[in-house]
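Spelled out from the first residue to the last, the chains are:
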Amino acid sequence: MRIVLVGPPGAGKGTQAAFLAENLGIPHISTGDLFRANISQKTELGRAAKSYMDAGNLVPDEVTIGMAEDRMKQADAAGGFLLDGFPRNVAQAQALDAFLSGQGAALDAVLDLEVPEDEVVKRIAGRRICRNDSAHVFHVSYAPPAVEGVCDTCGGELYQRGDDTEATVRNRLDVYHRETEPIIDHYKAQGLVVTISALGKVAEVTSRAMAALGRDDQAA
Ligand code: ADP
(Lines give C-alpha, C1' and ligand atoms only; values in the text may rest on other atoms or scores of the structure.)
Protein backbone atom coordinates (compact mmCIF):
# COMPACT_ATOMS: atom_id res chain seq x y z
CA MET A 1 0.00 0.00 0.00
CA ARG A 2 1.07 3.57 -0.66
CA ILE A 3 -0.40 5.87 1.94
CA VAL A 4 -0.05 9.55 2.79
CA LEU A 5 -0.76 10.69 6.34
CA VAL A 6 -1.90 14.30 6.78
CA GLY A 7 -2.91 16.28 9.81
CA PRO A 8 -1.80 19.31 11.80
CA PRO A 9 1.36 19.23 13.90
CA GLY A 10 0.46 17.39 17.11
CA ALA A 11 -2.21 15.22 15.47
CA GLY A 12 -0.09 12.18 16.30
CA LYS A 13 1.15 11.47 12.78
CA GLY A 14 4.53 10.16 13.93
CA THR A 15 3.02 7.93 16.63
CA GLN A 16 0.33 6.53 14.36
CA ALA A 17 2.70 6.16 11.42
CA ALA A 18 4.98 3.89 13.43
CA PHE A 19 2.10 1.56 14.42
CA LEU A 20 0.43 1.63 11.01
CA ALA A 21 3.67 0.97 9.14
CA GLU A 22 4.33 -2.04 11.36
CA ASN A 23 0.77 -3.39 10.99
CA LEU A 24 0.86 -2.93 7.23
CA GLY A 25 4.46 -4.14 6.75
CA ILE A 26 5.62 -1.01 4.92
CA PRO A 27 8.34 1.52 5.79
CA HIS A 28 7.47 4.75 7.60
CA ILE A 29 8.97 7.68 5.70
CA SER A 30 8.97 10.91 7.69
CA THR A 31 10.49 13.98 6.04
CA GLY A 32 10.71 15.67 9.47
CA ASP A 33 12.77 12.71 10.76
CA LEU A 34 14.94 12.74 7.63
CA PHE A 35 15.64 16.46 8.15
CA ARG A 36 16.37 15.96 11.87
CA ALA A 37 18.78 13.10 11.07
CA ASN A 38 20.57 15.36 8.57
CA ILE A 39 20.78 18.14 11.14
CA SER A 40 22.28 15.87 13.80
CA GLN A 41 24.76 14.47 11.26
CA LYS A 42 25.59 18.06 10.23
CA THR A 43 25.11 17.42 6.51
CA GLU A 44 24.76 20.13 3.87
CA LEU A 45 21.05 19.28 3.59
CA GLY A 46 20.68 19.59 7.37
CA ARG A 47 22.30 23.01 7.32
CA ALA A 48 19.93 24.09 4.54
CA ALA A 49 16.85 22.88 6.45
CA LYS A 50 17.58 24.00 10.00
CA SER A 51 16.62 27.68 9.98
CA TYR A 52 13.30 26.93 8.28
CA MET A 53 12.46 24.19 10.74
CA ASP A 54 13.41 26.25 13.80
CA ALA A 55 11.00 28.95 12.66
CA GLY A 56 8.24 26.44 11.87
CA ASN A 57 8.31 27.23 8.15
CA LEU A 58 8.47 24.76 5.29
CA VAL A 59 11.87 23.78 3.97
CA PRO A 60 12.01 24.83 0.27
CA ASP A 61 10.58 22.35 -2.23
CA GLU A 62 13.89 22.08 -4.18
CA VAL A 63 15.47 20.48 -1.11
CA THR A 64 12.47 18.52 0.15
CA ILE A 65 11.20 16.86 -3.01
CA GLY A 66 14.59 15.43 -3.98
CA MET A 67 15.14 14.09 -0.47
CA ALA A 68 11.70 12.42 -0.38
CA GLU A 69 12.16 10.91 -3.84
CA ASP A 70 15.59 9.53 -2.94
CA ARG A 71 14.06 7.83 0.07
CA MET A 72 11.11 6.41 -1.93
CA LYS A 73 13.56 4.97 -4.47
CA GLN A 74 15.21 2.76 -1.85
CA ALA A 75 14.54 -0.96 -2.13
CA ASP A 76 12.43 -1.29 1.02
CA ALA A 77 9.92 1.19 -0.42
CA ALA A 78 9.38 -0.66 -3.70
CA GLY A 79 6.23 -2.41 -2.48
CA GLY A 80 4.72 0.54 -0.64
CA PHE A 81 5.28 3.10 2.08
CA LEU A 82 3.60 5.34 4.58
CA LEU A 83 4.49 8.99 4.01
CA ASP A 84 4.41 11.22 7.10
CA GLY A 85 5.01 14.94 6.55
CA PHE A 86 5.22 14.73 2.76
CA PRO A 87 3.64 16.15 0.68
CA ARG A 88 3.10 19.32 2.66
CA ASN A 89 1.93 21.68 -0.09
CA VAL A 90 0.24 21.36 -3.48
CA ALA A 91 3.52 21.61 -5.44
CA GLN A 92 4.91 18.66 -3.46
CA ALA A 93 1.66 16.71 -4.04
CA GLN A 94 1.95 17.30 -7.78
CA ALA A 95 5.62 16.23 -7.69
CA LEU A 96 4.63 13.06 -5.82
CA ASP A 97 1.85 12.28 -8.31
CA ALA A 98 4.33 12.68 -11.20
CA PHE A 99 6.99 10.61 -9.43
CA LEU A 100 4.55 7.74 -8.79
CA SER A 101 3.02 7.75 -12.25
CA GLY A 102 6.57 7.68 -13.66
CA GLN A 103 6.95 4.41 -11.77
CA GLY A 104 3.59 3.08 -12.91
CA ALA A 105 2.38 3.35 -9.31
CA ALA A 106 -0.28 5.36 -7.47
CA LEU A 107 -1.42 6.22 -3.96
CA ASP A 108 -4.00 3.96 -2.31
CA ALA A 109 -5.22 6.39 0.34
CA VAL A 110 -4.66 9.71 2.05
CA LEU A 111 -5.43 9.38 5.74
CA ASP A 112 -6.46 12.71 7.26
CA LEU A 113 -6.11 12.95 11.06
CA GLU A 114 -8.47 15.51 12.57
CA VAL A 115 -7.86 17.16 15.91
CA PRO A 116 -9.13 20.44 17.43
CA GLU A 117 -6.66 23.32 17.48
CA ASP A 118 -6.54 23.91 21.26
CA GLU A 119 -5.75 20.22 21.75
CA VAL A 120 -2.88 20.48 19.27
CA VAL A 121 -1.19 23.28 21.20
CA LYS A 122 -1.51 21.36 24.50
CA ARG A 123 -0.13 18.19 22.95
CA ILE A 124 2.87 19.87 21.37
CA ALA A 125 3.94 22.11 24.22
CA GLY A 126 4.21 19.05 26.53
CA ARG A 127 5.66 16.66 23.95
CA ARG A 128 8.96 14.92 24.71
CA ILE A 129 10.74 12.73 22.17
CA CYS A 130 13.41 10.04 22.54
CA ARG A 131 16.78 10.85 21.00
CA ASN A 132 17.07 7.23 19.78
CA ASP A 133 13.72 6.97 18.01
CA SER A 134 11.22 9.71 17.23
CA ALA A 135 8.38 7.15 17.41
CA HIS A 136 9.02 6.93 21.18
CA VAL A 137 6.89 9.94 22.10
CA PHE A 138 5.82 11.03 25.59
CA HIS A 139 3.89 13.93 27.09
CA VAL A 140 4.65 15.56 30.42
CA SER A 141 1.04 15.23 31.59
CA TYR A 142 -0.85 12.97 29.13
CA ALA A 143 1.75 10.21 28.78
CA PRO A 144 4.57 10.81 31.26
CA PRO A 145 7.51 8.38 31.27
CA ALA A 146 8.05 6.33 34.46
CA VAL A 147 11.31 8.23 35.08
CA GLU A 148 11.40 11.89 34.09
CA GLY A 149 13.56 12.50 31.01
CA VAL A 150 14.08 8.79 30.28
CA CYS A 151 12.41 6.77 27.50
CA ASP A 152 10.31 3.85 28.88
CA THR A 153 10.88 1.86 25.70
CA CYS A 154 14.65 2.01 25.26
CA GLY A 155 16.15 4.09 28.09
CA GLY A 156 17.11 6.89 25.68
CA GLU A 157 17.21 10.54 26.68
CA LEU A 158 13.97 12.47 26.16
CA TYR A 159 14.14 15.99 24.76
CA GLN A 160 11.85 18.77 23.62
CA ARG A 161 12.11 19.55 19.90
CA GLY A 162 13.37 23.08 19.23
CA ASP A 163 10.24 23.81 17.19
CA ASP A 164 7.84 22.53 19.89
CA THR A 165 7.48 25.90 21.65
CA GLU A 166 4.11 27.65 21.82
CA ALA A 167 5.16 30.52 19.54
CA THR A 168 6.53 28.21 16.85
CA VAL A 169 3.50 25.93 17.12
CA ARG A 170 1.20 28.87 16.22
CA ASN A 171 3.25 29.49 13.09
CA ARG A 172 3.32 25.78 12.21
CA LEU A 173 -0.49 25.74 12.48
CA ASP A 174 -0.77 28.81 10.23
CA VAL A 175 1.55 27.15 7.73
CA TYR A 176 -0.53 23.97 7.96
CA HIS A 177 -3.80 25.79 7.18
CA ARG A 178 -2.29 27.89 4.40
CA GLU A 179 0.01 25.41 2.67
CA THR A 180 -0.87 21.87 3.69
CA GLU A 181 -4.68 21.78 4.00
CA PRO A 182 -5.12 22.51 0.27
CA ILE A 183 -3.58 19.10 -0.51
CA ILE A 184 -6.67 17.50 1.09
CA ASP A 185 -8.83 19.00 -1.68
CA HIS A 186 -6.19 18.00 -4.24
CA TYR A 187 -6.54 14.37 -3.12
CA LYS A 188 -10.33 14.55 -2.57
CA ALA A 189 -10.57 15.26 -6.28
CA GLN A 190 -8.81 11.90 -6.78
CA GLY A 191 -11.21 10.17 -4.33
CA LEU A 192 -8.36 9.20 -2.01
CA VAL A 193 -9.12 10.96 1.27
CA VAL A 194 -10.35 9.16 4.40
CA THR A 195 -10.81 11.35 7.46
CA ILE A 196 -10.72 10.06 11.04
CA SER A 197 -10.69 11.68 14.46
CA ALA A 198 -7.28 11.64 16.14
CA LEU A 199 -8.79 12.06 19.62
CA GLY A 200 -8.67 9.25 22.18
CA LYS A 201 -6.09 6.64 23.11
CA VAL A 202 -3.27 5.89 20.69
CA ALA A 203 -4.50 2.30 20.13
CA GLU A 204 -8.06 3.52 19.49
CA VAL A 205 -6.83 5.90 16.81
CA THR A 206 -4.73 3.11 15.25
CA SER A 207 -7.80 0.82 15.11
CA ARG A 208 -9.88 3.60 13.59
CA ALA A 209 -7.15 4.20 10.99
CA MET A 210 -6.84 0.50 10.10
CA ALA A 211 -10.64 0.29 9.72
CA ALA A 212 -10.66 3.40 7.53
CA LEU A 213 -7.99 1.78 5.35
CA GLY A 214 -10.14 -1.34 5.06
CA ARG A 215 -7.67 -3.36 7.13
CA ASP A 216 -9.49 -3.63 10.48
CA ASP A 217 -8.78 -7.38 10.57
CA GLN A 218 -5.19 -6.57 11.52
CA ALA A 219 -5.86 -3.72 13.94
CA ALA A 220 -3.86 -3.75 17.15
P1 ADP B 1 5.09 18.13 12.74
O2 ADP B 1 4.20 17.56 11.69
O3 ADP B 1 4.89 17.52 14.09
O4 ADP B 1 5.06 19.61 12.76
P5 ADP B 1 7.53 17.16 11.33
O6 ADP B 1 8.56 16.42 12.07
O7 ADP B 1 6.73 16.44 10.31
O8 ADP B 1 6.60 17.84 12.42
O9 ADP B 1 8.19 18.43 10.60
C10 ADP B 1 8.98 19.35 11.29
C11 ADP B 1 9.47 20.46 10.36
O12 ADP B 1 10.25 19.87 9.29
C13 ADP B 1 8.39 21.26 9.63
O14 ADP B 1 7.87 22.31 10.43
C15 ADP B 1 9.17 21.76 8.40
O16 ADP B 1 10.03 22.84 8.75
C17 ADP B 1 10.07 20.58 8.06
N18 ADP B 1 9.44 19.69 7.06
C19 ADP B 1 9.05 18.40 7.26
N20 ADP B 1 8.50 17.89 6.14
C21 ADP B 1 8.51 18.89 5.21
C22 ADP B 1 8.06 19.00 3.86
N23 ADP B 1 7.46 18.00 3.23
N24 ADP B 1 8.25 20.20 3.22
C25 ADP B 1 8.84 21.21 3.83
N26 ADP B 1 9.26 21.19 5.11
C27 ADP B 1 9.11 20.04 5.80
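Not measured: the values here are computed from a predicted model.

Draft legend 1. Structural view of the overall build of the protein. Across its full length, the protein holds 9 helices and 8 strands. A globule of 220 residues ought to have a C-alpha radius of gyration of about 17 Å, and the protein, at 17 Å, matches this closely. With respect to the three principal axes, the spread of C-alpha positions in the protein is 50 × 45 × 35 Å. Residues classed as buried in the protein amount to 46% of the 220 residues present. Taking as baseline every contact in the protein between residues at least 6 positions apart, the subset at least 24 positions apart corresponds to 68%. On the protein, roughly 10,300 Å² of surface is accessible, and the fraction owed to carbon and sulfur atoms is 50%. Both charge centroids of the protein, one from 22 positive and one from 31 negative side chains, sit 3 Å from each other.

Draft legend 2. Fine view of the pattern of salt bridges. Applying the stated rule across the entire model yields 11 salt bridges. The closest approach of N and O atoms between Asp33 and Arg36, which form a salt bridge, is 2.9 Å. Linking Asp33 with Arg36, this pair stays in helix 2 (residues 31-40), spanning 3 residues, or about one helical turn. Look at the salt bridges and you will find they share partners, linking Arg127, Arg161, Asp163, Asp164 and Arg172 into a network.

Draft legend 3. Highlighting the site of the ligand. Residues in contact with the ligand amount to 19 residues; listed here are only the nearest, Thr31, Arg36, Asn57, Gly85 and Arg172. One of the backbone N or O atoms of Gly85 is found 2.8 Å from a nitrogen atom in the ligand. Contact distances for the ligand include 2.9 Å between a nitrogen atom and a side-chain N or O atom of Gln92. Alone, the ligand offers 550 Å² of accessible surface; in the complex the protein occludes 96% of this. Counting residues per element, the shell around the ligand draws most heavily on helix 2, which supplies 4 residues.

Draft legend 4. Seen up close, the sheet that holds strand 1 (residues 2-6). Judged by pairing direction, the sheet is parallel, and its 5 strands sit side by side in the order 2-3-1-4-8 without closing on themselves. Edge positions in the sheet fall to strand 2 (28-30) and strand 8 (193-197), since each has one partner strand and no second. Neighbour to neighbour, the strand axes of the sheet diverge by 25° on average, direction disregarded. Judged from the 4 bridges that link them, strand 1 and strand 4 (residues 109-114) form a sheet pairing that is parallel.

Draft legend 5. Here's a closer look at the sheet that holds strand 6 (residues 137-139). Here 3 strands make up an open sheet; going across it, the order is 6-5-7 and the pairing antiparallel. Of all the strands in the sheet, just strand 6 and strand 7 (158-159) have a single pairing partner and so form its edges. Alignment of strand 5 (residues 127-130) against strand 7, held across 2 bridges, turns out to be antiparallel. Residue pairing for strand 7: Cys130 is matched across the bridge by Leu158.

Draft legend 6. Just the side chain of Asn38, in detail. Among the secondary structure elements, Asn38 is positioned in helix 2. For Asn38, the contacting residues outside a window of four places in its chain are Thr43, Leu45, Gly46 and Met67.

Draft legend 7. The environment of Leu158, seen in detail. Structurally, the position occupied by Leu158 is in strand 7. The class of Leu158 is buried, set by a relative accessible area of 11%. Taking the C-alpha atoms as reference, Leu158 lies 34 Å from Pro182; in sequence the two are 24 residues apart. Apart from residues no more than four positions distant in its own chain, Leu158 is found in contact with Arg128, Ile129, Cys130, Phe138, Pro145, Gly149, Val150 and Cys151.

Draft legend 8. A look at the packing of helix 4 (residues 61-72) against helix 5 (residues 90-102). The geometry of helix 4 relative to helix 5 is characterised by a closest axis approach of 11 Å and an angle of 30° between their N-to-C directions. Considering how the two elements wind past one another, helix 4 and helix 5 form a crossing that is right-handed. Between helix 4 and helix 5, the residues in contact are Asp61, Thr64, Ile65, Glu69 and Met72 and Ala91, Gln92, Ala95, Leu96 and Phe99, respectively. Within the contact of helix 4 with helix 5, the residues separate by chemical class into 6 nonpolar, 2 polar and 2 charged.

So, how was this worked out
Residues numbered from 1 in each chain as written. Predicted model: local features only at pLDDT ≥ 70, side-chain atom pairs only at ≥ 80, totals over all residues. Heavy atoms only, no water. Helix = DSSP H or I, 4+ residues; strand = E, 2+ residues; numbered from the N terminus. Rg over C-alpha atoms; globule rule 2.2 N^0.38 Å. Buried < 20%, exposed > 50% of the residue type's maximum accessible area, 1.4 Å probe, protein only. Contact = heavy atoms within 4.5 Å. Areas by Shrake-Rupley, 256 points an atom, 1.4 Å probe, with all protein chains shown as cover. Lys, Arg positive; Asp, Glu negative; His and termini not counted. Charge placed at Lys NZ, Arg CZ, Asp CG, Glu CD. Salt bridge = Lys/Arg side-chain N within 4 Å of Asp/Glu carboxyl O. Near = heavy atom within 4 Å. Polar contact = N/O pair within 3.5 Å; in protein donor to acceptor, adjacent residues only side chain to side chain. Pairing = 2+ DSSP bridges. Axes fitted to C-alpha atoms, helices over the stretch in contact; angles between N-to-C directions. Left-handed = near helix turned anticlockwise from the far one by under 90°. Nonpolar A, V, L, I, M, F, W, Y, C, P; charged D, E, K, R; others polar.

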